[in-house]
Amino acid sequence: VRSIDCSIPGPVSLVFYKVLPAASVMKQQIKMKASALPFVLLVQLQCRCAVSQQIIRVVDGFLDQEPDFPWVGSKTSELQVNVIDALFSTITAADYASFSLIDETILRYLYLEGDYTADVPLKIPSLFVLRLSGTMTDDVDLGTRLRWDAMIMMDTVKYSAVDGGTYLATVNPTTQSQAISIVNSDFCSIRNVRADAQFESVIGINGAAASRNEITNCDIGGSASLVTADRGIWTLSTTRVFVTNNFVHHKARFGIDFDAFTSNSISYNNIVEDCAFKGIFVEETASDNVIVGNTVRRCNEGVALYANAEGPVIGNLIIGNTLTDNVNSGLSSGGQKTNSQYSADNTFVGNVGSNNGRGMFVNNYNNLLGSDDYWVSNKDDEYTGTNDDGMWFLIPSDNAVVSMFDPGEIVAATQNPTSSPTNPPTSSPTTSSPTKGPTSSPMGSCDPAGTSPCGNCCDGCSGGKPADRVCL
């Protein structure tokens, strides 16, 4: 017999379990106001009040709960019914509206240890973290899913994350599903995962209602022996996506694709390599995004901005990326040149390329006044192509559409230059010192560190230029 403090306001869920012969879990749930609870509850009753930390652990399909350790399943359909829907309370935004710090004190955690298969999308709720120590692969029953379906989905939720584990939707040749997706959700994160899929994308974020979502520290893609379709990371019709510190590789089309209506998002410090089309693609109507500090190598093209079916691609900042060994261009911008299908008002700063087959830049601009792309301080160290414009390819005929400013080589500034001034003094000043103090004293006794602006004047010196200073 256990007692419980029923002075906590709000709804309370009381849950108890009984193991059936089929090793399934039966749950009965009683919901009532805390003030109506009896003072004594039966053994194995759990009190779960509005929002508080909750941890459930499943090991090789068994619920890690004494004394029975019941079987809850190794397929996503079983985990959905027997664990997520059964053991975690339904919450609404009102339950955590008074919290600005969303951390382990109020998050609910599901730890999965071992290997599992996905036969249906596993949908995780709000205020929830899934941590997998093991591998999840596609079950033969997963089949062909809708475009944004995935083995793991965050669908219309907030403050949820997938953290750790390997997710491979590539085992069965008939599987058409993303590995992990975020759909119409806010403040969600995918981190520290190894993932691959043979569908339109491995990891996708979609939805006009989706905002402020993150993909970070992930290993995404196939291998040298298995280049998989289609994209590594795909964002569509979303805003404020943060794609950082990922390794994306061996995809049949794009590594990272900021597709139509992706805005105010950032791709930072990612390594993208061995993709058969474009490493990082900013396309269609994508606007006001930042592509900064990425390394793109051995792709057909490095970073590309392009409007094909619709546009313009506008207001994006491409800065400080390293683009090497790409088959064609290292960095390009342009469009189909009809109607709004062009690139405009984009800025390219300090990008560095080497050994790109068709030059550092390919500029296939629509000849429209006001496009106004601007390029400054970009360079290609080892251009290997043969076009007459050197590292520039298909340059517009005038600067009405685009201007490229190249003021020359950038020389890094140093805090402690080692070179001497242009006209250094040939001898020490000969001005006599006032009788107020000695002309000089040994440097070792007055300025052992050699840092004083007065040199070896023990009592200080007058101001002014070094050549005009006198000891006091």
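Overview of the structure. (Residues numbered from 1 in each chain as written. Predicted model: local features only at pLDDT ≥ 70, side-chain atom pairs only at ≥ 80, totals over all residues. Heavy atoms only, no water.)

Take T262: it is sitting in strand β26 (residues 262-263). For T262, a relative accessible area of 0% gives the class buried. Separated by 27 residues in sequence, T262 and N289 have C-alpha atoms that sit 7.8 Å apart. Look past the residues within four positions of T262 in its chain and what remains in contact with it is T235, L236, S237, T238, A286, S287 and N289. (Helix = DSSP H or I, 4+ residues; strand = E, 2+ residues; numbered from the N terminus. Buried < 20%, exposed > 50% of the residue type's maximum accessible area, 1.4 Å probe, protein only. Contact = heavy atoms within 4.5 Å.)

With that settled, consider the nonpolar core. Formed by 66 residues in total, the largest nonpolar core has its most connected members in L110, Y167 and I180. Among residues more than four places away in sequence, those in contact with I180 are A150, I152, M154, V162, Y167, I190, V193, V202, I203 and G204. In terms of nonpolar packing, the next biggest core, distinct from the first, is built from 10 residues, I102, Y109, V129 and A161 among them. (Core = buried A, V, L, I, M, F, W, Y, C linked by side-chain atoms within 4.5 Å.)

If you trace the backbone, V243 turns up in strand β23 (residues 238-244). Residue V243 is classed as buried on the basis of its relative accessible area of 0%. Considered as a pair, V243 and T216 are 27 residues apart in the sequence and their alpha carbons are 5.9 Å apart. Among residues more than four places away in sequence, those in contact with V243 are I215, I233, I256, F258, I266, S267, Y268 and N270.

Turning to its location among the elements, T244 is positioned in strand β23. As for T244 and I271, which are separated by 27 residues in sequence, their C-alpha atoms are 9.4 Å apart. What T244 contacts, discounting residues up to four positions off in sequence, is I215, T216, N217, Y268 and N270.

With that settled, the discussion passes to the packing of aromatic side chains. Scanning the model with the defined rule gives nine aromatic pairs in all. An angle of 5 degrees between the planes, with centres 4.7 Å apart, marks the rings of Y159 and F187 as stacked. Of this pair, Y159 sits in the loop between β13 (150-155) and β14 (160-163) while F187 sits in the loop between β16 (178-183) and β17 (189-191), placing them 28 residues apart in sequence. Consider the rings of F254 and F281, whose centres lie 4.8 Å apart with planes at 45 degrees: the pair is tilted. On the criterion of sequence distance, the pair formed by F254 in strand β25 (residues 254-258) and F281 in strand β29 (residues 278-283) is long-range, its members being 27 residues apart. Of the two residues examined, F254 and F281, each falls in the buried class. In this structure an aromatic cluster arises from ring pairing among Y96, Y159 and F187. (Phe/Tyr/Trp six-rings, centres within 6.5 Å; stacked < 30°, edge-to-face > 60°.)

Moving on, we come to the pairing of strand β8 (residues 108-113). In this structure, strand β6 (residues 54-59) lies alongside β8, joined through six bridges in parallel fashion. Across the sheet, V59 pairs through a bridge with E113, a residue of β8. Pairing of β8 with strand β11 (residues 128-133), which is carried by six bridges, proceeds in the parallel orientation. Along β11, the bridge assignment pairs R108 with F128. (Pairing = 2+ DSSP bridges.)

Attention now moves to the sheet that holds strand β35 (residues 322-324). One open sheet holds the 11 strands; their spatial order is β9-β12-β15-β18-β21-β24-β28-β31-β35-β39-β42, and the pairing between them is parallel. Each of the sheet's edge strands pairs with one partner strand only, and the pair in question is β9 (116-118) and β42 (379-380). Alignment of β9 against strand β12 (residues 135-138), held across three bridges, turns out to be parallel. Counterpart to A118 in the pairing with β12 is D138.

In short, shape yes, function no, at least from these values alone.
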